[in-house]
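Here is what each chain is made of, one letter per residue.
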Amino acid sequence: MKNKKSLVIIVILLFILYGIFFSYDTSFNYILHRADYTKAKGVITAAYSRGAYKNAKHYVNAEYEWNGEIRKLTKAKRGLLENKGKEITLYVNNSSGLAVRGLVVNFSDIVFTVFAGIIIYNNRN
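Residues numbered from 1 in each chain as written. Predicted model: local features only at pLDDT ≥ 70, side-chain atom pairs only at ≥ 80, totals over all residues. Heavy atoms only, no water.

### Some words on the pattern of salt bridges
Turning to step 1, where the next piece is worked out: Counted under the stated rule, the structure contains 2 salt bridges.
Turning to step 2, where the next piece is worked out: In this structure, the salt-bridge partner of Arg71 is Glu69, at a minimum N-O distance of 3.7 Å.
Turning to step 3, where the next piece is worked out: Judged by its relative accessible area of 43%, Glu69 falls in the partly exposed class.
Turning to step 4, where the next piece is worked out: In this structure, the salt-bridge partner of Arg101 is Glu82, at a minimum N-O distance of 2.6 Å. In this pair, Arg101 sits in strand S5 (residues 99-101) while Glu82 sits in the loop between strand S3 (69-77) and strand S4 (87-93), placing the two residues 19 residues apart along the sequence.
Turning to step 5, where the next piece is worked out: Judged by its relative accessible area of 4%, Arg101 is buried. (Salt bridge = Lys/Arg side-chain N within 4 Å of Asp/Glu carboxyl O. Buried < 20%, exposed > 50% of the residue type's maximum accessible area, 1.4 Å probe, protein only. Helix = DSSP H or I, 4+ residues; strand = E, 2+ residues; numbered from the N terminus.)

In structure tokens form, the structure reads like this:
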């Protein structure tokens, strides 16, 4: 019985990691090679949602400056309280100048983490 509980906990933890890394627009290149990126500030120019109510995905467009040039980041994941005009943190690739966002928390991520925590707590020894 203890092996079954351990397996359930491992599966839930892997599910959490899957949810964190595959629901974000952060590239694997950024995750694996952080030294190739520089932290920059951007400003949200648009905040919008796509899809049906239950399955809606929330996005922002942002502008940032790189080497004196104004660039745009489109369809980046929207955080919980982010709206047009808010300053956000971006990570810009040093060689290409393309930006990505770091991890962003929204309401569904909080709910997902709470439910996973409850399941793990209920399946402890």
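### Some words on the pairing of strand S1 (residues 37-50)
Turning to step 1, where the next piece is worked out: In terms of strand pairing, S1 meets S4 through 7 bridges, oriented antiparallel. Within S4, the position partnered with Gly42 by the bridge is Ile88.
Turning to step 2, where the next piece is worked out: Sheet topology places S1 next to strand S2 (residues 57-66); 8 bridges connect them, and they run antiparallel. The residue bridging Ser49 from the neighbouring strand is His58, located in S2.
Turning to step 3, where the next piece is worked out: Between S1 and the antiparallel strand that follows it, S2, lie 6 residues; Gly51 among them carries a positive phi value of about 105 degrees. (Pairing = 2+ DSSP bridges.)

### Looking at the packing of aromatic side chains
Turning to step 1, where the next piece is worked out: Under the definition given, this model contains 1 aromatic pair.
Turning to step 2, where the next piece is worked out: Taking the centre distance of 5.9 Å and the plane angle of 40 degrees together, the rings of Tyr48 and Tyr59 count as tilted. Placement of Tyr48 in strand S1 and of Tyr59 in strand S2 is noted, with a sequence separation of 11 residues between them.
Turning to step 3, where the next piece is worked out: Exposure remark for Tyr59: the relative accessible area of 16% places this residue in the buried category.
Turning to step 4, where the next piece is worked out: Here the basic side chain of Lys75 rests over the ring of Tyr59, its NZ or CZ set 5.3 Å away from the ring centre. (Phe/Tyr/Trp six-rings, centres within 6.5 Å; stacked < 30°, edge-to-face > 60°. Lys NZ or Arg CZ within 6 Å of the ring centre and 35° of its normal.)

### Let's talk about the sheet that holds S3
Two modes of strand pairing occur in sheets, parallel and antiparallel, and in both the strands are linked by backbone hydrogen bonds.
Turning to step 1, where the next piece is worked out: As summarised here, the arrangement of the 5 strands in space is S3-S2-S1-S4-S5, forming an open sheet in which the pairing is antiparallel. The strands lining the two open edges of the sheet, one partner per strand, are S3 and S5. Averaged over all pairs of adjacent strands, the angle between their axes in this sheet comes to 40 degrees, without regard to strand direction. (Axes fitted to C-alpha atoms, helices over the stretch in contact; angles between N-to-C directions.)

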